[in-house]
Amino acid sequence: MAESDTREVILEARELHREFDGVTALDRFSFKLHRGEVLGLLGANGAGKTTAMNCLLGLTLPTSGDIFAFGLPFHQHRIAILQRANFSSAYTALPGNLLVSQNLSVFARIYGVPDRKKKIAELMDLLEIGHLAKRVTGQLSAGESTRVNLVKAFLNDPELLMLDEPTASLDPDIADKVRKVVRKVQQERNIGILYTSHNMKDIEEVCDRVIFLHKGKIVCEGTPTDIVARSSSATLEDVFIKIARDGEIIDETAKDKAS
Amino acid sequence: MNLNTISALVLRYLFLYTRSPMRLVELVFWPVVDLVVWGNVTVFIQKNTNPEFGSFVLFFLGGMILWDIMFRAQQGVAISFLEDVWTRNLLNVFVAPVRTLEYVSATFIVGMMRIIITAIVLSLISWFGYAFNVFTLSWWLIPFFANLMLFGWALGMVSTALILRWGQAAESLAWAIPFFFQPAVAVFYRVEDMPVWAQPIAWCFPPTYIFEGMRSVMKIGTMDWSYLWISFGLNLFYLALAGWLFAWILNLTRKRGLLTKFATQ
């Protein structure tokens with residue numbers, strides 16, 4: 001469990017609160033992500049995942065609360081932190097009119113990657129897309145594009161990686177490959193990953209621990225297996241639906257203890 | 001032809017105008033600019049049709065070339081930013097270890113590159129097509145180009161800031177903003193040919209000094225040095241102001257959560 005985890009905390013949110021025109025999108029949201037851990041951030045549309053991710057990336061400022069990465073306050077050390085982190089989302093793209101190799105080369109330069117060509121080639125081979133280097137990025141399929149985005153996300157050997165629905169719009173075969181690669185790289189390099197997805201198979205396969213958000217609040221936290229057991233649900237997807245509809249899950253373990 | 005379909009489409013475009021004040025601005029902006037510019041040109045020609053002053057057409061060409069230098073510098077900044085928006089790459093840039101100043105500097109450099117290309121092309125065409133050699137301005141061209149580029153950069157930052165704040169609806173500003181200033185900076189006519197009330201406004205902007213200087217150099221081979229210094233000083237002021245506006249709006253978009261909405265549209 002997170003409380004007893006002795007690994008280094010690489011990302012921490014303390015009482016993160018965000019309102020948009022009087023509507024609370026994130027309600028005193030706190031969590032810790034440890035080195036080598038994959039933490040899933042789950043919730044229905046509008047639950048606050050994207051707001052949380054945007055705050056953690058510095059794209060949106062929280063109304064109140066603090067963010068620390070590698071022990072440093074995020075907003076005072078944004079550049080130093082982003083140098084050690086990376087991000088990939090199904091909702092962003094690399095410029096479609098450039099070649100894949102050109103795009104990756106640009107980002108490799110931005111991140112100051114030494115021996116850029118070698119690094120890009122290694123990562124492209126790892127993701128089985130070495131043959132795409134000279135293709136125009138805008139002409140790639142969704143699966144190819146996702147893997148190119150992941151190459152960009154791994155370019156600087158990040159210690160912290162934020163993945164926003166990386167398997168969205170992928171077919172089951174490519175999604176499976178993406179999950180396996182993410183897990184492999186994460187374990188080999190001991191990366192801490194914050195992972196959002198609506199695909200519960202993704203979460204069960206990739207995440208060590210998950211946080212369920214509902215109306216900006218954490219309503220449930222634990223390992224996927226633990227959460228399923230506590231809620232007497234058959235699957236994590238059932239838990240997701242219960243939380244999306246009722247805003248909470250009935251903790252059967254707690255009920256048993258009380259009786 | 002289905003009239004219902006046509007009326008629905010008309011309504012759809014009317015909705016666009018009511019939802020976006022920027023489009024309304026655009027609707028009246030171009031006619032006003034055209035009217036003011038050509039009105040002033042007419043006055044200029046009316047006042048200068050004596051035989052001693054037959055070369056004013058060359059002033060038009062010189063003015064046009066220098067104007068385009070400023071326009072391309074502004075475009076370099078604004079269009080570079082829009083390229084990131086159009087390709088949904090903006091978030092990748094903003095979550096990378098890129099400082100705002102670095103991002104803006106890169107767009108400045110793109111602006112400078114656009115200037116070089118524009119200057120070469122326009123110089124060649126004006127030389128071969130109209131027997132106008134821009135190099136008659138000799139070394140004066142360097143401070144002229146430099147000052148116009150600085151003001152173009154400042155306008156580019158302002159355009160980018162406004163697009164950041166108002167999103168896609170404000171994209172047309174990337175092209176429009178320089179033309180807000182065109183009537184005021186005496187590109188094709190002398191400041192003294194402008195309405196009296198407009199003349200003090202003209203002297204508030206750095207390009208006015210450059211265009212006046214250009215006409216002076218073309219006519220008598222030299223110009224008042226103080227014009228260059230005033231232009232440079234004003235440019236520093238406008239660059240600082242534009243930089244402040246850009247940083248303030250960027251922070252505002254982060255506060256309001258507009259950056260991600262805009263970048264993933």
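Treat the numbers as computed from the prediction; the structure is a model and nothing was measured.

Q: Help me understand the overall build of chain B, please; the structure alone is not making it clear to me.
A: Across its full length, chain B carries 11 helices and 0 strands. Tracing chain B from N to C terminus, the helices and strands come up as α-α-α-α-α-α-α-α-α-α-α. Taking all 265 residues of chain B together, the buried fraction comes to 51%. When the accessible area of chain B is evaluated, it comes to approximately 13,000 Å², of which 71% is carbon and sulfur surface.

Q: Where do I start with the environment of arginine 230 of chain A in this structure?
A: As for its placement among the helices and strands, arginine 230 of chain A is situated in helix α8 (residues 224-230). Remark: the alpha-carbon pair of arginine 230 of chain A and glutamate 204 of chain A, spanning 26 residues in sequence, is separated by 16 Å.

Q: Help me understand unusual backbone geometry in this model?
A: Only a minority of non-glycine residues have a phi that is not negative, and only a minority of peptide bonds are not trans. Residue and element names in this part refer to chain A. Of note, the phi angle at glutamate 128 is positive, near 60°, even though the residue is not glycine. Take glutamate 128: it is sitting in the loop between α4 (116-126) and α5 (142-154). A positive phi angle, close to 45°, is found at glutamate 165, a residue other than glycine. Of note, glutamate 165 is situated in the loop between β7 (160-164) and α6 (172-189).

Q: Looking at this structure, how should I read the nonpolar core?
A: Across soluble globular proteins, you tend to see nonpolar side chains buried next to one another. If you look at the biggest cluster of nonpolar residues, it comprises 161 residues, and the most contacted ones within it are Leu11, Phe29, Phe31, Leu194 and Phe212 of chain A together with Phe144 of chain B. In terms of residue count, the dominant contributor to this core is helix α6 (residues 141-166) of chain B (15 residues). Those residues in contact with phenylalanine 31 of chain A, other than ones at most four positions away along the chain, are Leu11, Glu12, Ala13, Leu39, Leu56, Leu194 and Ile211 of chain A.

Q: Can you walk me through the interface of chain A and chain B in this structure?
A: Interface size, as often reported, equals the accessible area lost upon joining of the parts. Listed per partner, the contact involves 25 residues of chain A and 20 residues of chain B. A combined buried area of about 2,100 Å² lies between chain A and chain B, and 58% of that area is made up of carbon and sulfur atoms. The interface formed by chain A and chain B includes 0 salt bridges. In this structure, the connection of chain A to chain B is made through 6 residue pairs in polar contact (both at pLDDT 80 or more). Every element with two or more residues in the side of chain A that touches chain B is listed here: β1 (9-20), α2 (78-83) and α3 (100-110) of chain A. At 4 residues, the largest contribution of residues to the side of chain A that touches chain B is made by α2 of chain A.

What counts and what doesn't
Residues numbered from 1 in each chain as written. Chains lettered and ligands numbered in written order. Predicted model: local features only at pLDDT ≥ 70, side-chain atom pairs only at ≥ 80, totals over all residues. Heavy atoms only, no water. Helix = DSSP H or I, 4+ residues; strand = E, 2+ residues; numbered from the N terminus. Buried < 20%, exposed > 50% of the residue type's maximum accessible area, 1.4 Å probe, protein only. Areas by Shrake-Rupley, 256 points an atom, 1.4 Å probe, with all protein chains shown as cover. Core = buried A, V, L, I, M, F, W, Y, C linked by side-chain atoms within 4.5 Å. Contact = heavy atoms within 4.5 Å. Buried area = accessible area lost by both parts, 1.4 Å probe. Salt bridge = Lys/Arg side-chain N within 4 Å of Asp/Glu carboxyl O. Polar contact = N/O pair within 3.5 Å; in protein donor to acceptor, adjacent residues only side chain to side chain.

The analysis is restricted to geometry; functional conclusions fall outside its scope.
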